[in-house]
Amino acid sequence: MPTTTSMTTAAKRTASTLLDRRPEARTFSVQDLLDVVARGRVRIPSFQRALKWDRMNAKLLLDSLYRGYPVGTLLLWETAAPAGEGRIGSLTLPAPEMDNALWVVDGQQRIVSLARILLAADPEEDAFALYFDLDAADFVIPPVIGKRLVDPSRWLPMTVVLDSEQLMQWLFEHAAEPSSRPRRDTAIQLGRRLREYEIPAYIVRSDDQTTLRDIFKRINSAGKSLDDSDVFDALNGSRFPSQPSTIAEISSDLEKLEFGRIEERILHRLLRVLLGLPVVESARSEPPRLADTEAEEAYRKTAATASQIVLFLKNDAGIPHYELLPYKQAFVTLGRFFQLHPHPSPRSRELLARWIWRGALNGAHQGDTVSTRKVLARILPESEERSVDGMLEMVKERPSLLPDVADRFNFRFAASKLLALALLSLEPRNLLTGDRLAAGQLMRLLPSVHDSSPLLQIFSLRRGENEPYLQSAANRLFHPPHKGGVRRLLTSTTDSRLLLSHGISEAARQLLDDGDSVAFLKQRAEWLQPLVRAFFDRHGRWDEPDRPSIASLIIDDEAL
């Protein structure tokens with residue numbers, strides 16, 4: 001029986017966590033919510049979880065808003081906040097001192113996703129960037145430049161829809177023709193539905209952070225969302241003594257191949273494909289529950305197949321690191337091929353490398369799960385050669401535009417990864433030691449959490465600076481960070497071979513010495529571009545026949 005002392009202690013603890021007043025129930029339109037985010041009133045407490053959503057989660061959120069589906073309730077804590085600076089993805093927001101800031105207790109993933117998509121200054125700068133296909137009425141990742149140039153009124157950047165004036169200006173510039181009337185109507189409807197969508201929220205007012213921590217813990221222990229890979233591991237992993245027994249363990253083991261850390265979501269999709277399941281689990285389907293022996297075999301096969309893919313990408317396709325793979329979905333597709341044809345001929349491996357590069361250069365690999373299913377359907381168990389031929393058929397279109405050194409550089413996008421691979425093909429060397437630089441070494445030396453590129457800027461880009469060449473790949477090179485800055489290293493280097501390994505000619509070096517940054521970058525871009533074009537041609541090989549190996553064409557007499 002509890003003592004009087006223990007009962008008193010419990011009563012005090014209960015009283016100390018009671019709210020003085022009930023939370024205020026209200027709604028925020030998306031426009032009003034993002035207005036308070038932009039003004040720095042919305043803050044993220046230190047006890048929040050790290051952001052786990054990716055662009056596809058954010059896309060589903062936008063789609064739900066557009067359709068009018070419920071998206072859950074926010075829980076906000078109104079209290080004082082100090083001055084500072086807030087960072088949300090590519091956004092840097094003011095965070096002035098205020099006594100009525102709104103700290104996010106529940107809803108961080110939704111608020112951050114909306115801010116990154118709708119408030120970004122540039123339609124492609126953020127990793128969550130989305131466009132809206134006005135013909136298909138669907139949210140899509142930023143289309144390749146060629147698509148946008150061919151049909152500019154079709155692709156609406158989501159960065160203009162939050163402000164009705166900005167949206168109308170975009171329509172005036174891109175969709176003013178009478179034939180674009182259906183697209184204009186769709187764009188206006190989209191903007192209105194997103195701006196006016198009202199999200200329910202509770203606002204808690206309390207000075208006791210312990211109470212808020214308790215609320216946060218209860219909410220997230222009851223409704224904590226897990227990745228598909230987390231769910232699969234929870235149902236099937238760690239039930240047997242052999243390794244690996246989780247997808248996370250597979251990812252860690254693969255790092256020994258010096259290809260970087262492969263995302264668990266990609267390995268989970270690979271595992272599903274090897275099991276003969278759809279690439280992505282649908283909302284209506286239940287995650288598979290396997291017997292112990294089946295689960296053990298699934299993890300083993302996934303690890304072995306992933307290793308085979310890594311070695312193919314490094315040795316045959318010339319892609320030395322996972323972060324340099326332009327489109328990650330190709331990793332999953334290769335898994336089906338190597339599952340059915342574990343020992344392809346040298347000719348098939350050569351043609352598969354063309355498939356990787358052509359799909360990266362023309363954007364075919366960027367597709368969603370529908371296009372991935374179409375490619376998987378081309379991979380036939382009875383014929384290695386017909387499988388390769390079918391895969392090549394899907395990427396046969398030669399791109400009208402290739403990535404240009406003078407284009408804006410953003411390592412999050414495939415075009416910039418392709419340019420990075422081209423610069424890496426010059427075999428860059430350390431300007432201090434002359435040693436050849438390895439991709440894995442460079443990828444481990446990322447300059448900062450805000451610039452996830454292994455390529456350093458030669459000239460620092462100041463905020464608000466719009467000189468195109470400063471934002472281009474011509475202003476980037478592979479090199480370990482140096483305390484004095486990479487520009488100082490370049491000007492102190494006298495060995496022309498070292499400079500050429502970074503695509504810097506004698507003429508460009510002279511302009512660098514003269515301090516003419518724009519002229520230097522323009523000269524470097526002009527010198528590099530033919531080399532980059534030749535690099536892409538060498539890997540795409542569109543002008544060469546894609547015939548299978550001679551051995552595969554010989555008919556066995558016994559088969560006649």
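Refer to the preceding data block for the structure.
Overview of the structure. (Residues numbered from 1 in each chain as written. Predicted model: local features only at pLDDT ≥ 70, side-chain atom pairs only at ≥ 80, totals over all residues. Heavy atoms only, no water.)

Moving on: the packing of helix H13 (residues 329–340) against helix H14 (residues 346–362). Helix-helix packing is described using two parameters, namely the angle between the two axes and the distance between the axes. Put simply, H13 and H14 touch, their axes get as near as 12 Å, and they point 160 degrees apart. The orientation of H13 with respect to H14, classified from their angle, is roughly antiparallel. In terms of crossing hand, the pair formed by H13 and H14 is right-handed. Of H14, the residues touching H13 (which contributes Ala330, Thr333, Leu334, Phe337 and Phe338) are Arg349, Leu352, Trp355 and Ile356. (Axes fitted to C-alpha atoms, helices over the stretch in contact; angles between N-to-C directions. Helix = DSSP H or I, 4+ residues; strand = E, 2+ residues; numbered from the N terminus. Parallel < 35°, antiparallel > 145°, perpendicular 65-115°, else oblique. Left-handed = near helix turned anticlockwise from the far one by under 90°. Contact = heavy atoms within 4.5 Å.)

So, about the packing of helix H6 (residues 164–174) against helix H7 (residues 181–196). Look at H6 against H7: their axes get within 11 Å of each other, and the N-to-C directions meet at 165 degrees. As far as their axial angle goes, H7 and H6 are roughly antiparallel. Crossing geometry of H6 relative to H7 is assigned as right-handed. Facing H6, whose interface residues are Ser164, Leu167, Met168 and Leu171, H7 presents Arg184, Ala187, Ile188, Gly191 and Arg195.

Tallying each qualifying case throughout the model produces 35 salt bridges. Asp122 is paired through a salt bridge with Arg408; the nearest N and O atoms lie 2.4 Å apart. Of this pair, Asp122 sits in the loop between helix H4 (108–118) and strand E7 (131–133) while Arg408 sits in the loop between helix H16 (384–393) and helix H17 (414–424); the two residues are 286 residues apart in sequence, bridging distant segments of the chain. The exposure class of Asp122 is buried, given its relative accessible area of 17%. For Arg408, a relative accessible area of 43% translates into the label partly exposed. Put simply, Arg509 and Asp513 hold a salt bridge, and the shortest N to O gap is 3.0 Å. (Salt bridge = Lys/Arg side-chain N within 4 Å of Asp/Glu carboxyl O. Buried < 20%, exposed > 50% of the residue type's maximum accessible area, 1.4 Å probe, protein only.)

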